[in-house]
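A closer look at the structure
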Amino acid sequence: RKEVEQDPGPFNVPEGATVAFNCTYSNSASQSFFWYRQDCRKEPKLLMSVYSSGNEDGRFTAQLNRASQYISLLIRDSKLSDSATYLCVCRTSGGYQKVTFGIGTKLQVIP
Amino acid sequence: NAGVTQTPKFQVLKTGQSMTLQCAQDMNHNSMYWYRQDPGMGLRLIYYSASEGTTDKGEVPNGYNVSRLNKREFSLRLESAAPSQTSVYFCASSESWTAQLEAFFGQGTRLTVV
């Protein structure tokens, strides 16, 4: 079983829709969580960190559920420019901080 | 603003050939990283340099070597390329090792080994 699991998609949604992705992690030592965005054939870029209490950045909301070991990303009012692959990333705490990237969920926003 | 610059962007190698991937950052970052990205797998850390003068193995170091030439530059060398090393390679840099996930990435090198 992969340490970080994501549905690869693609999720095809119309413009203006709300879409949510989940990501599950299996390493209970994971303490920090992030969402990255990667455009087709481009480099990954940090989208947002995920805080325990949940956090929002404009149309994007990230949530963490430690009990069930998953994080989520909600995108409201989807734009064409949101089309990308969204990578879930987990990091353990401690002396060596192991970082694990998910394979990503592909989102295609359709006009 | 250059950020993180990788060269080359594309490369085709024959099995057994060697090559060096170059990476330079102009953000005065202390830490630098090399990742590979393969279909169906997440980004995996090959090697990292937490600070100038140090390098350490990541998750998948076999078949690679690195050199932190100075604070700006971090190169990745394939001594004897194998088809299993066909991948997209990303260099990244961050202010510190603890800020690894606030790193800036280069545009990637698409390497094919035939």
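The structure this text deals with has already been given above.
Structural notes, computed from the coordinates. Starting from 1, residues in each chain are numbered consecutively following that chain's sequence as written. All chains are assigned letters beginning with A, and all ligands numbers beginning with 1, in the order in which they are written. Local features are withheld for residues below a pLDDT of 70 in this predicted model, meaning they are given only at 70 or higher, and side-chain atom pairs are given and counted only at 80 or more; totals for whole chains, interfaces and linings count all residues. Working from all heavy atoms in the structure, the side-chain values ignore hydrogens and water.

Before going further, it helps to examine the interface of chain B and chain A. Contacts between chain B and chain A engage 21 residues on the former and 19 residues on the latter. Here chain B packs against chain A, burying approximately 1,700 Å² in sum over the two surfaces, 53% of which is carbon and sulfur. The working definition used for a salt bridge is a side-chain nitrogen of Lys or Arg within 4 Å of a carboxyl oxygen of Asp or Glu. Linking chain B to chain A there are zero salt bridges. We call two N or O atoms a polar contact when they sit within 3.5 Å, provided that within protein one can donate a hydrogen and the other can accept it, with sequence-adjacent residues counted only if both atoms are side-chain atoms. Across the contact surface, chain B and chain A share four residue pairs in polar contact (both at pLDDT 80 or more). When residues are grouped by polarity, Ala, Val, Leu, Ile, Met, Phe, Trp, Tyr, Cys and Pro land in nonpolar, Asp, Glu, Lys and Arg in charged, and all others, Gly among them, in polar. A class-by-class count of the residues in the side of chain B that touches chain A yields eleven nonpolar, eight polar and two charged. Here, two residues are considered to be in contact whenever any of their heavy atoms come within 4.5 Å of each other. When two parts are put together, the accessible area they lose, computed with a 1.4 Å probe and summed over both, is reported as buried area.

It is worth spelling out the environment of Ser-78 of chain A at this point. Residue and element names in this part refer to chain A. Turning to its location among the elements, Ser-78 is positioned in the loop between strand E8 (70–75) and strand E9 (84–92). For the pair formed by Ser-78 and Ile-110, sequence separation is 32 residues and the distance between their alpha carbons is 9.2 Å. At 2.8 Å, the side chain of Ser-78 forms a polar contact with the backbone oxygen of Ala-17. A run of DSSP states H or I qualifies as a helix once it reaches four residues; a run of E qualifies as a strand once it reaches two. Both are numbered from the N-terminal end.

Here the focus is the environment of Met-27 of chain B. All names here are of chain B. When you line up the elements, Met-27 lands in the loop between strand E3 (19–25) and strand E4 (31–37). Only protein chains enter the accessibility calculation, which uses a 1.4 Å probe; a residue whose area is less than 20% of its type maximum is buried, one above 50% is exposed, and one in between is partly exposed. Judged by relative accessible area, which is 25%, Met-27 ranks as partly exposed. When the C-alpha positions of Met-27 and Ser-93 are compared, they lie 8.4 Å apart, and in sequence the two are 66 residues distant. Here Met-27 is in contact with Gly-3, Val-4, Ser-93 and Phe-104, once residues within four sequence places are set aside.

Turning to the state of the cysteines, a few remarks are in order. In this description, a disulfide is simply a cysteine sulfur pair whose atoms lie within 2.5 Å. Enumeration over the complete set of coordinates arrives at two disulfides over all chains. One disulfide bridge connects Cys-23 of chain A with Cys-88 of chain A, the sulfur atoms lying 2.0 Å from each other. When the S-S torsion is -65°, as for the bridge of Cys-23 of chain A with Cys-88 of chain A, the disulfide is left-handed. In this pair, Cys-23 of chain A is assigned in strand E3 (residues 19–25) and Cys-88 of chain A in strand E9, connecting sequence segments 65 residues apart. Through a disulfide, Cys-23 of chain B is tied to Cys-91 of chain B; the S-S separation comes to 1.9 Å. Sign of the S-S torsion, about -75° for the bond between Cys-23 of chain B and Cys-91 of chain B, identifies this disulfide as left-handed. Taken together, the positions of Cys-23 of chain B in strand E3 and Cys-91 of chain B in strand E9 (residues 87–94) put the pair 68 residues apart, joining distant regions of the chain. Overall, Cys-23 of chain B belongs to the buried group, its relative accessible area being 2%. Unpaired in terms of disulfides, Cys-90 of chain A finds its nearest cysteine sulfur in Cys-88 of chain A, a separation of 4.3 Å. Residue class for Cys-90 of chain A comes out buried when judged on its relative accessible area of 3%.

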